[in-house]
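Secondary and tertiary structure notes
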Amino acid sequence: MVKPRKKRNVLYPPKALYFKPQGRQPSNQPDVILTIDEYEAIRLADHRKLKQEEAAKKMNISRPTFTRLIESARNKIAQAIVNGRPIRIEGGDFIFLKNRIKCRSCGYVWESKTSNTNQVNCPSCYSSEVEDVGRSLTRGPRRRRRGPRW
Ligand SMILES: [Zn+2]
């Protein structure tokens with residue numbers, strides 16, 4: 001029997017989901033896939049410099065689970081930068097505590113406490129063509145894409 005995993009807390013959707021080495025020819029090496037909960041572990045421990053215990057608490061997981069998560073994340077990032085492989089952030093077992101909204105017209109991204117995108121206008125260009133970033137990341141398995149969508 002597999003124990004159902006607790007969902008990990010992630011504060012916000014990442015700002016960028018795809019990182020690609022500049023000037024590198026397309027290769028047969030697959031992208032490194034960093035899950036969104038691994039991204040959050042990096043953000044808390046390495047960017048915000050929290051102690052692992054505090055970071056684990058924020059993500060609502062145990063300290064040993066956090067240690068495994070951050071080690072896996074660092075290993076993947078090392079693989080990518082040493083071998084020149086792109087990093088794609090997607091998937092994982094998580095919920096977003098807050099949200100980001102993205103403007104489809106100009107690409108501006110801002111933070112929001114709600115995921116209600118009705119009657120929301122872009123603060124930059126006033127377009128009403130806006131997208132709930134959190135929802136599009138949690139909406140089931142996504143089709144594999146080879147590169148970023150423009
Ligand atoms: Zn806009």
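Worth saying up front: this structure is predicted, and the values here are computed from it rather than measured.

We now examine the sheet that holds strand E4 (residues 87–89). Judged by pairing direction, the sheet is mixed, and its 3 strands sit side by side in the order E2-E4-E3 without closing on themselves. Either end of the sheet is taken by a strand with one partner, and the two such strands are strand E2 (18–19) and strand E3 (32–34). Along the sheet, helix H3 (residues 63–83) contacts E3 and E4; its crossing angle with E3, the most-contacted strand, is approximately 150 degrees.

A few words on the nonpolar core. Judged by nonpolar contacts, the single largest core of 27 residues is most densely connected at Ile36, Ala41, Ala45, Ala55, Phe66, Ile70 and Ala73. Those elements giving two or more residues to this core turn out to be helix H1 (36–47), helix H2 (52–59), H3, E4, strand E5 (94–96), strand E6 (99–103) and helix H4 (133–138). Ranked by residue count, the leading element in this core is H1, at 6 residues. With near-sequence residues (within four places) excluded, Ala55 lies in contact with Ala41, Leu44, Ala45, Leu50 and Phe66.

Our focus in this paragraph is unusual backbone geometry. Excluding glycine, residues mostly carry a negative phi; peptide bonds, for their part, are mostly trans. At Lys49, a position not held by glycine, the phi torsion is positive, near 65 degrees. Among the structural elements, Lys49 can be located in the loop between H1 and H2. With a phi angle near 70 degrees, Tyr126 is a residue other than glycine that sits in the positive phi range. Counting through the fold element by element, Tyr126 comes out in the loop between strand E7 (109–112) and strand E8 (130–132).

Once that is clear, we can look at H2. Every buried residue of H2 is listed here: Ala55, Ala56, Lys58 and Met59. Down the axis of H2, the smallest arc covering the buried residues is 160 degrees, so these residues share one side. On the buried face of H2, the contacting elements are strand E1 (8–10), H1 and H3. Just beyond H2, the residue with positive phi is Asn60, at close to 65 degrees.

Basis of the calculations
Residues numbered from 1 in each chain as written. Predicted model: local features only at pLDDT ≥ 70, side-chain atom pairs only at ≥ 80, totals over all residues. Pairing = 2+ DSSP bridges. Helix = DSSP H or I, 4+ residues; strand = E, 2+ residues; numbered from the N terminus. Contact = placed C-beta atoms within 7 Å. Axes fitted to C-alpha atoms, helices over the stretch in contact; angles between N-to-C directions. Core = buried A, V, L, I, M, F, W, Y, C linked by C-beta atoms within 7 Å. Buried ≥ 20, exposed ≤ 12 C-beta atoms within 10 Å, placed from the backbone. Arc of directions from axis to C-beta.

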